[in-house]
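Structure assessment
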Amino acid sequence: MAPEWTVGESKAYQQKLLIPGTKKRKLFGLLEKPNLPPSAPNVTFKLFMYGKASSGKTWTMRRLSGQEVPSHHTETIGIQCSHVFWPMKIGNRLILFRLEIWDAGESSVKRYNHVLPACREGVDAVLLCFSLTDREGWLELPQLASSASQPTDRAAVIGIATRCDQFTNREVTDMELESFEATHGIPILRMVPPPPPDDHADEIANIAPILNFLCKRLWQRDQELLSIK
Ligand SMILES: Nc1nc2c(ncn2[C@@H]2O[C@H](COP(=O)(O)OP(=O)(O)O)[C@@H](O)[C@H]2O)c(=O)[nH]1
Ligand SMILES: [Mg+2]
C-alpha cells in the first residue's frame, strides 16, 4: 500500500475542499469538483449505509460530507445521496476520490420494494452502521453483516460504530469489537463526534482518518478485483 502522505502535503490538498477563508466544508454541486491538478485522476465509488433505524446512518453520512449533524432522530425519507470528495496520494500519485454515499430510511425500505435493490446495485462498499449504546443492535450485527451484500458484488464491508462519545451508556466493550473484527474479517471504524462549532477546530482533520481508511480500502479492493480478472 501507499507510503503515508506528509501531514503538510495532505492538508494543502484538503484545503481545496473548504469554503475559502473558513474551515467549513464546501458543498460541491453535481457538476463541480475541487480544484486539483488536472493530472489527478478522478475515481467514483458507491457506498451504502446499512443498519437499523436510529443506528446513526444519516449522522455518519453527514459527518463524512462535512455537514452539520442532526441533534435528534428524524426518519430519513426515501433515499438520500451525498457525495464526498477526498484527495489522497496512493503510491506517488494524487487521486481524487468521489464517494457517493447512499442512505435510506427504514420505513421506506420496508414499504417500497425497489429501495433496497436500488441502494445495493453496483455497490462498492457497504457501511454496516451500529450504535455502541444499543446491545440488541450489536447482537444482531452478525446477521446484518451476512445480509449486507451479495457475494457476487464483492463489496467491501466495513463496520461503523456510532455514539462512541456516549461513554456512560455504552453497551459494547472494546474486546467485543476486536473479537468481531477477527471473527468476521470486517474492520470497525469508530465515529468521533465533530468539534463544537465555537472551538474553531479543524473538522476536516477530525474526520480525515475515517475517509483515508475508506478510500484506501476501496482502492485496495479495486486492485484485488483487477488481479482476479
Ligand atoms: N452524540 C452522538 N449522537 C449520535 C451519533 N450517531 C447518531 N447519533 C444520534 O442518534 C440519532 C439517530 O441518528 P440517525 O443518523 O438519524 O439514525 P438513522 O436512522 O440510522 O439514520 C440522532 O439523534 C443522532 O444525532 C454519535 O456518534 N454521537
Ligand atoms: Mg436516517
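In the block above lies the structure referred to throughout.
To keep things clear, this report deals only with the structure shown in the data block. Computed from a predicted structure; not experimentally measured.

Calculation criteria
- Residues numbered from 1 in each chain as written.
- Chains lettered and ligands numbered in written order.
- Predicted model: local features only at pLDDT ≥ 70, side-chain atom pairs only at ≥ 80, totals over all residues.
- Helix = DSSP H or I, 4+ residues; strand = E, 2+ residues; numbered from the N terminus.
- Rg over C-alpha atoms; globule rule 2.2 N^0.38 Å.
- Buried ≥ 20, exposed ≤ 12 C-beta atoms within 10 Å, placed from the backbone.
- Contact = placed C-beta atoms within 7 Å.
- Near = placed C-beta within 6 Å.
- Pairing = 2+ DSSP bridges.
- Axes fitted to C-alpha atoms, helices over the stretch in contact; angles between N-to-C directions.
- Core = buried A, V, L, I, M, F, W, Y, C linked by C-beta atoms within 7 Å.
- Expected span 1.5 Å × (residues − 1).
- Bend = angle between axes of the 7 residues up to and from the residue.

1. A look at the overall build of the chain
Across its full length, the chain holds 8 helices and 6 strands. Helices (α) and strands (β) of the chain occur, in sequence order from the N terminus, as α-β-α-β-β-α-α-β-α-α-β-α-β-α. In summary, the chain has a C-alpha radius of gyration of 18 Å against a globular reference of 17 Å for 229 residues, a match within 12%. Dimensions of the chain, computed from the C-alpha atoms along their principal axes, are close to 50 × 45 × 35 Å. Considering the chain as a whole, with its 229 residues, one finds that 29% of them fall into the buried category. Sequence-distant contacts in the chain: of pairs separated by 6 or more residues, those separated by 24 or more amount to 72%.

2. Let's talk about the site of ligand 1
Around ligand 1 there are 21 residues in total, and Gly56, Lys57, Thr58, Trp59 and Thr162 lie nearest to it. With 3 residues, the top contributor of residues to the shell around ligand 1 is helix 2 (residues 57-64).

3. Observations concerning the environment of Ile160
In this structure, Ile160 sits in strand 5 (residues 156-162). Along the sequence, Ile160 and Leu132 sit 28 residues apart, while their C-alpha atoms lie 9.8 Å from each other.

4. A few points about the sheet that holds strand 5
Pairing between the strands of a sheet is mediated by backbone hydrogen bonds and can be parallel or antiparallel. The sheet built from 6 strands is open, its strands ordered 2-3-1-4-5-6 with mixed pairing. The open sheet is flanked by strand 2 (79-90) and strand 6 (188-190), the only strands paired with a single partner. Geometrically, the sheet is characterised by an average inter-axis angle of 30° between neighbouring strands, direction not taken into account. One ladder, built from 4 bridges, connects strand 1 (residues 42-50) with strand 4 (residues 125-131); its direction is parallel. By the bridge assignment, Tyr50 is partnered in strand 4 with Leu128. Packed on one face of the sheet, helix 2 meets strand 1, strand 2, strand 3 (93-104), strand 4 and strand 5 and runs near 155° to strand 3.

5. Some thoughts on the pairing of strand 4
Summarising burial for strand 4: 7 of the 7 residues are buried, a large majority. Residue alternation in strand 4 divides its side chains into two sets, Ala125, Leu127, Cys129 and Ser131 and Val126, Leu128 and Phe130, and both sets are buried. Two strands pair when backbone bridges link them, and strand 4 and strand 5 are joined in this way by 7 bridges, in the parallel orientation. Pairing of Leu128 across the sheet is with Gly159, part of strand 5.

6. Comments concerning the nonpolar core
Membership of the largest hydrophobic core comes to 44 residues, with the highest contact counts inside it found for Phe48, Tyr50, Ala125, Val126, Leu127 and Leu128. Mapped by element, the contributors of at least two residues to this core are strand 1, helix 2, strand 2, strand 3, strand 4, helix 6 (141-146), strand 5 and helix 8 (203-228).

7. Some points on unusual backbone geometry
At Ser54, a residue that is not glycine, the phi angle is positive and equals roughly 70°. You can see Ser54 is positioned in the loop between strand 1 and helix 2. With phi around 50°, Arg154 is a residue other than glycine that occupies positive phi space.

8. Looking at helix 8
For helix 8, spanning 26 residues, the distance from its first C-alpha to its last is 38 Å, which sits close to the expected 38 Å at 1.5 Å a residue. When the local axis directions of helix 8 are compared, the greatest deviation, roughly 40°, occurs at Pro209. Taken together, the buried positions of helix 8 are Ile207, Leu211, Leu214, Cys215 and Leu218. Considering only its buried residues, helix 8 is in contact with strand 1, helix 2, strand 2, strand 3, strand 4 and strand 5.

9. A look at the environment of Gly137
Within the secondary structure layout, Gly137 lies in helix 5 (residues 135-139). Given 20 C-beta atoms within a 10 Å radius, Gly137 is considered buried. In this structure the C-alpha to C-alpha distance between Gly137 and Lys52, which are 85 residues apart in sequence, comes to 7.4 Å. Here Gly137 is in contact with Lys52, Ser55, Phe130 and Ser131, once residues within four sequence places are set aside.

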